Amino acid sequence: MNLQDLRYAVAVDDHRHFGRAAEACFVSQPTLSSQLRKLEDELGVALFERAPRNVMPTAVGRLILHHARGVLVEVDQIEALAKAAAEPGAATLQIGVFPTLAPYLLPHVVGPLHERFPLVELLWVEEKTEQVVEGLLGGHLDAGLLALPIDAPQLHQEPLFTEDFVLAVPADHELADATSVAPEVLAGTDVLLLTDGHCLRDQALEVCSMAGAAERHGFRATSLETLRQMVAAGVGVTLLPKMSVSPPVTQSDHVSTVPFEAPAPNRQIAMFWRRSSVHAGLLAQLAAVIADLPDELLHA
């Protein structure tokens with residue numbers, strides 16, 4: 001048994017398809033299939049049930065793959081320790097960020113992070129919250145920027161900042177010129193929301209519930225930009241995070257954003273990493289830089 005064979009097996013489990021697993025491992029499908037067969041022969045058990053359109057682990061395969069993932073995480077930790085010792089301050093880190101934060105936060109932190117940590121290569125991975133958590137627990141990601149709450153006791157949680165929501169309305173809406181509004185102004189209103197799987201949807205639903213508002217039925221957006229376009233077209237109103245309506249984001253002349261009265265509805269952002277991570281000290285330093293954002297980016 002060798003580590004590469006374990007990586008092949010885990011890739012097949014991740015993709016549930018031999019061809020896609022081979023592509024992910026940068027080998028031909030015959031090579032991957034051959035090595036996987038050799039691994040199964042060595043272990044004396046079948047790791048996968050093979051059907052024309054369905055590849056899934058066997059009962060014992062699931063148990064073996066669980067331990068294989070743990071082995072590979074530990075190997076990655078060993079390699080990271082060795083690299084840190086050989087090149088102090090150098091590292092390549094994959095950091096997951098959810099889609100309604102990534103495009104608005106990164107322009108403000110990528111430059112300062114590179115300036116502060118020139119030997120650290122940061123690979124930003126945009127995924128929904130569930131996939132980021134899975135990536136952290138599975139060892140595919142080194143850290144994740146997520147909105148609270150997150151139920152994952154295995155992960156360290158480092159608070160970063162609190163970001164207010166603002167109300168986005170069509171430019172000709174009766175509230176367009178208001179200096180601020182209370183959440184209760186939404187009572188009886190149908191609010192445009194994101195589709196399932198976005199943490200911002202859950203946060204917006206909570207605000208709507210407290211304010212007596214409801215979701216606009218028959219429409220769910222897949223991005224904040226789609227929500228913004230629907231508001232510009234006069235379809236309805238929505239809630240947007242403050243950074244998504246702050247420079248360098250281009251604002252639409254057909255959308256007005258109105259701050260909420262204090263205390264404004266908000267989302268709390270934290271950075272997460274495995275408690276066992278060899279990069280814990282470095283990640284804490286990265287978190288401190290990310291948390292140092294101008295107040296005007298976060299609050300109206």
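As the structure is a computational prediction, the values presented were derived from the model and not from experiment.

Draft legend 1. Structural context of the layout of surface pockets. Here the largest pocket is characterised by a volume of approximately 760 Å³. Together, 28 residues line the largest pocket, and Arg7, Asp76, Gln94, Gly139 and His140 are the ones closest to its centre. Of all the secondary-structure elements, those providing two or more residues to the lining of the largest pocket are helix 1 (3-15), helix 2 (18-25), helix 4 (59-86) and strand 3 (91-97). If one sorts the elements of the lining of the largest pocket by residue count, helix 4 sits on top with eight residues. Along the lines of polarity and charge, the residues of the lining of the largest pocket split into 11 nonpolar, nine polar and eight charged.

Draft legend 2. Quick peek at the environment of Arg69. Among the structural elements, Arg69 can be located in helix 4. Separated by 82 residues in the primary sequence, Arg69 and Asp151 place their C-alpha atoms 21 Å from one another. Ignoring sequence-local partners within four residues, the contact set of Arg69 consists of Val10, Asp13, Asp14 and His140.

Draft legend 3. Inspection of the pattern of salt bridges at higher detail. One pass over the full model with this rule turns up 10 salt bridges. Asp13 is paired through a salt bridge with Arg69; the nearest N and O atoms lie 2.9 Å apart. With Asp13 in helix 1 and Arg69 in helix 4, this residue pair connects regions lying 56 residues apart in the sequence. Residue Glu40 is joined to Arg50 by a salt bridge in which the shortest nitrogen-to-oxygen separation is 2.9 Å. Of this pair, Glu40 sits in helix 3 (residues 29-43) while Arg50 sits in strand 1 (residues 48-51); the two residues are 10 residues apart in sequence, bridging distant segments of the chain. Residue Glu40 is classed as buried on the basis of its relative accessible area of 5%. Judged by relative accessible area, which is 32%, Arg50 ranks as partly exposed. It is possible to trace a salt-bridge network through shared partners that takes in Asp13, Asp14, Arg16 and Arg69.

Draft legend 4. Representation of the pairing of strand 6 (residues 155-170). Here strand 6 runs beside strand 11 (residues 266-274); their pairing, made up of nine bridges, is antiparallel. Bridge assignment links Thr162 to a residue of strand 11, and that residue is Gln268. Pairing analysis gives four bridges linking strand 6 to strand 9 (residues 238-241), with the strands arranged antiparallel. Opposite Phe165, over in strand 9, you have Pro241 as the bridge partner. Relative to strand 10 (residues 255-259), strand 6 runs antiparallel, the two being bridged by five bridges. Note that in strand 10 the partner of Pro170 across the bridge is Val255.

Draft legend 5. How the structure looks around the packing of helix 5 (residues 102-116) against helix 9 (residues 280-291). Close contact between helix 5 and helix 9 brings their axes to 9 Å; oriented N to C, the two are set at 130°. What the angle tells us is that helix 5 and helix 9 run oblique. You can see that helix 5 and helix 9 cross each other, and the crossing is right-handed. Contacts between helix 5 and helix 9 involve Leu105, Val109, Pro112, Leu113 and Arg116 on the former and, on the latter, Gln285, Leu286, Val289 and Ile290. Split into classes, the residues belonging to the contact of helix 5 with helix 9 amount to seven nonpolar, one polar and one charged.

Draft legend 6. Region of the structure containing helix 5. Between its terminal C-alpha atoms helix 5 stretches 20 Å, which fits the 21 Å expected from 15 residues at 1.5 Å a residue. Ala102, Tyr104, Leu105, Leu106, Val109 and Leu113 are the residues of helix 5 that are buried. Buried residues along helix 5 sit in contact with strand 3, strand 4 (120-126), strand 5 (143-147), strand 6, helix 8 (224-232) and helix 9.

Draft legend 7. Expanded view of the nonpolar core. Among the nonpolar cores identified, the biggest contains 58 residues, and Phe161 and Met271 are the most heavily contacted of them. If near-sequence neighbours (up to four positions away) are discounted, Met271 is found in contact with Ile95, Ala143, Gly144, Leu145, His156, Gln157, Glu158, Leu160, Leu283, Leu286, Ala287 and Ile290. Judged by nonpolar contacts, the second largest core, of 19 residues, contains Tyr8, Phe18, Ala22 and Phe48.

Draft legend 8. Summary view of unusual backbone geometry. Residue Leu148 is joined to Pro149 through a cis peptide bond whose omega torsion reads 5°. Along the chain, Pro149 turns up in the loop between strand 5 and strand 6. For the bond from Pro247 to Pro248, the omega torsion is 10°, close enough to zero to count as cis. The topology assignment puts Pro248 in the loop between strand 9 and strand 10. Backbone geometry at Arg16 places phi at a positive 50°, although glycine is not the residue there. Along the polypeptide, Arg16 turns up in the loop between helix 1 and helix 2. Owing to a relative accessible area of 39%, Arg16 belongs among the partly exposed residues under this scheme.

Thresholds applied
- Residues numbered from 1 in each chain as written.
- Predicted model: local features only at pLDDT ≥ 70, side-chain atom pairs only at ≥ 80, totals over all residues.
- Heavy atoms only, no water.
- 1 Å grid on protein atoms, 1.4 Å probe; cavity = no way out; pocket = protein on both sides within 12 Å on 5 of 7 lines; lining within 4 Å.
- Points joined across faces, edges and corners; volume = space filled by probe spheres on them.
- Helix = DSSP H or I, 4+ residues; strand = E, 2+ residues; numbered from the N terminus.
- Nonpolar A, V, L, I, M, F, W, Y, C, P; charged D, E, K, R; others polar.
- Contact = heavy atoms within 4.5 Å.
- Salt bridge = Lys/Arg side-chain N within 4 Å of Asp/Glu carboxyl O.
- Buried < 20%, exposed > 50% of the residue type's maximum accessible area, 1.4 Å probe, protein only.
- Pairing = 2+ DSSP bridges.
- Axes fitted to C-alpha atoms, helices over the stretch in contact; angles between N-to-C directions.
- Parallel < 35°, antiparallel > 145°, perpendicular 65-115°, else oblique.
- Left-handed = near helix turned anticlockwise from the far one by under 90°.
- Expected span 1.5 Å × (residues − 1).
- Core = buried A, V, L, I, M, F, W, Y, C linked by side-chain atoms within 4.5 Å.

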